[in-house]
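Observations on chain architecture
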Amino acid sequence: MLKKNDVIQTVIEGMTSEGSGVAHIDGMAVFVPHAAPGDVCELIIIKVTGSYAVGKMKSLIKAGAGRCEPDCPSCPKCGGCTFRHLTYAEECRIKLQRVNDAVKRIGGVEMEAEEFISSDSPDRYRNKAQIPFGSEKGQAVFGFYAERSHRIIPFSDCLLQPEIFGAIAQATANFLNDTPNDIYDEQSGKGRFRHLYIRRGFATGEIMVCAVVNGNGLVREDEFVRRIRAVSPEIKSIVINSNREKTNVILGGKCRTAWGSDTIRDMLCGVTFEISPLSFYQVNRAQAERLYRRAAEYACLDGSQVVFDIYCGTGTIGLTMASKAKELYGIEIVPDAVKNAIRNAEINGIANANFICSDAYEGAQKLKAEGITPDVVIVDPPRKGCSQETISLLDRIEPERLVYISCDPATLARDIARLTATGWQLEKFTAVDMFPRTANVETVALLTGKQVND
């Protein structure tokens, strides 16, 4: 039996969904952070439970074929890039296998993805950053939280972000060091400056800088605006977000524009979107376009179909397909997101888009009571997947096609099993690497309704 502090030589056989290596010793799964498939390594066992153990790599005896030297000095301390110690080809192989295994083992369907859509550029793709600030020896520091902690790992440049984000963060740190703005302390709930939140429209180049503060604003706020504006002419909006809650939730609900526009704009699949600090918008624009185009292929619209976009958020998916739909109905429970969706339809002159503030079940039932039923349904649920109520709803409104976009292969596969049990058929699916160098993978699946198969 394995015991804590045992030192054992073993081979890493695979990877978990969170990116840890997996070995099997004495019939027990042992999870090893920062390991790679094929690694021959010496481990020290640091935790043993009744069903699994956790090991820490003591030495690497022989590297697996997919291992490489991380090209970031903060890796693996930062914990953001789960796969930076792997070649990108190996990362894609692992993610594709994860999706295929989930569909087979959890979904119960013997089918593999028709394609894995990798990224042309696995670095510098993020259009959003949430950067925590702290204080060390009386000086402001910024970085990212170490894995499973709120200890800041300082960085000067993150390879997932545009270089200008680091320059904005450094200008902010310099401002904080030169003014009486103290740094927020999570334990006491005191201090003013909490987070720096940056968004960029990759198509337009427009940048929004948002300071998250424990209060209404910053001391010498005009100086903050001057220094941030001096970083780049691409900066079009500087916003103060007030968050007075003693919580680890980053953004508060109140925003005030200190300079420039209330929003910035970006383009996705030919549609213009306004982005506010609180708006949902895909982090990787290039891969989002590929994902949405594949979803549109699966929807197979010819101008005659009524489309329901359930969990529509700010309308990004449905609005990119609206030109090929007869009518689009978006359903979303978050009021601010619905307002954003309506505004995005207006600025693009999209007249056939309608948005309802409601949960999925009630919104679809309301439309059905008005005699409106869909030919195609698009769902993009949160990580927990569709509720059982939503699954039952899909049976009642009986669309011909269901396009399911998921950020978690396991919950997608669970919902595939639920749907196929009631007569739906999985036709095909595609995996998309929306977040290179991290453990996340996106999937879009097409299911056809029961009346099509009868």
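Presented here is a report on the structure given in the accompanying data block. (Residues numbered from 1 in each chain as written. Predicted model: local features only at pLDDT ≥ 70, side-chain atom pairs only at ≥ 80, totals over all residues. Heavy atoms only, no water.)

Relative to the assigned elements, A445 resides in strand 23 (residues 442-448). Assessed through its relative accessible area of 0%, A445 is described here as buried. In this structure the C-alpha to C-alpha distance between A445 and Y404, which are 41 residues apart in sequence, comes to 5.1 Å. Ignoring anything within four residues of it in the chain, the contact list for A445 reads Y298, L402, V403, Y404, L412, L426, K428 and F429. (Helix = DSSP H or I, 4+ residues; strand = E, 2+ residues; numbered from the N terminus. Buried < 20%, exposed > 50% of the residue type's maximum accessible area, 1.4 Å probe, protein only. Contact = heavy atoms within 4.5 Å.)

Right, let's get into helix 2 (residues 163-178). Since the α-helix packs 3.6 residues into each turn, any two residues three or four apart lie on the same face. Compared with an ideal rise of 1.5 Å per residue, which puts 16 residues at 22 Å, helix 2 spans 23 Å between its outermost C-alpha atoms and is within 8% of the ideal. Listed as buried for helix 2 are I164, F165, G166, I168, A169, A171, T172, A173, F175 and L176. Where the residues of helix 2 are buried, they touch strand 8 (128-136), strand 9 (139-145), strand 11 (193-200), strand 12 (207-213), helix 3 (221-231) and strand 13 (235-242). (Expected span 1.5 Å × (residues − 1).)

Below, the discussion takes up the layout of surface pockets. Of the volumes computed, that of the second largest pocket is approximately 530 Å³. What lines the second largest pocket is a set of 22 residues, and nearest its centre among them are M15, T16, S17, R98 and D101. Of all the elements in the fold, those that place two or more residues in the lining of the second largest pocket are strand 2 (14-15), helix 1 (88-105) and helix 9 (409-421). A total of eight residues in the lining of the second largest pocket trace back to one element, the largest contributor, which is helix 1. Per-class residue counts for the lining of the second largest pocket are eleven nonpolar, four polar and seven charged. (1 Å grid on protein atoms, 1.4 Å probe; cavity = no way out; pocket = protein on both sides within 12 Å on 5 of 7 lines; lining within 4 Å. Points joined across faces, edges and corners; volume = space filled by probe spheres on them. Nonpolar A, V, L, I, M, F, W, Y, C, P; charged D, E, K, R; others polar.)

This part covers the packing of helix 7 (residues 360-369) against helix 8 (residues 388-397). At a closest axis distance of 9 Å, the pairing of helix 7 and helix 8 adopts a crossing angle of 15°. Here helix 8 runs roughly parallel to helix 7, going by the angle between their axes. Relative to helix 8, helix 7 is oriented so that their crossing is left-handed. Residues A360, Y361, A364, Q365 and K368 of helix 7 form the contact with helix 8, whose participating residues are E389, T390, L393, R396 and I397. (Axes fitted to C-alpha atoms, helices over the stretch in contact; angles between N-to-C directions. Parallel < 35°, antiparallel > 145°, perpendicular 65-115°, else oblique. Left-handed = near helix turned anticlockwise from the far one by under 90°.)

Moving on to the packing of aromatic side chains. Tallied over the full model, the rule gives eight aromatic pairs. With 5.5 Å between their ring centres and 90° between their planes, F142 and F155 make a pair best called edge-to-face. Remark: F155 occurs in the loop between strand 10 (152-154) and helix 2 and F142 occurs in strand 9; sequence separation between them is 13 residues. For F142, a relative accessible area of 6% corresponds to the buried category. Consider the rings of F175 and F224, whose centres lie 5.3 Å apart with planes at 55°: the pair is tilted. Note that F175 is positioned in helix 2 and F224 in helix 3, a separation of 49 residues in sequence. By the burial criterion, F175 is buried, and F224 matches it. Here the aromatic cluster, defined as three or more aromatic residues joined through ring pairs, consists of F133, F142, F144, F155 and F193. Residue placement shows R194 over the ring face of Y184; its charged tip is 4.0 Å from the ring centre. (Phe/Tyr/Trp six-rings, centres within 6.5 Å; stacked < 30°, edge-to-face > 60°. Lys NZ or Arg CZ within 6 Å of the ring centre and 35° of its normal.)

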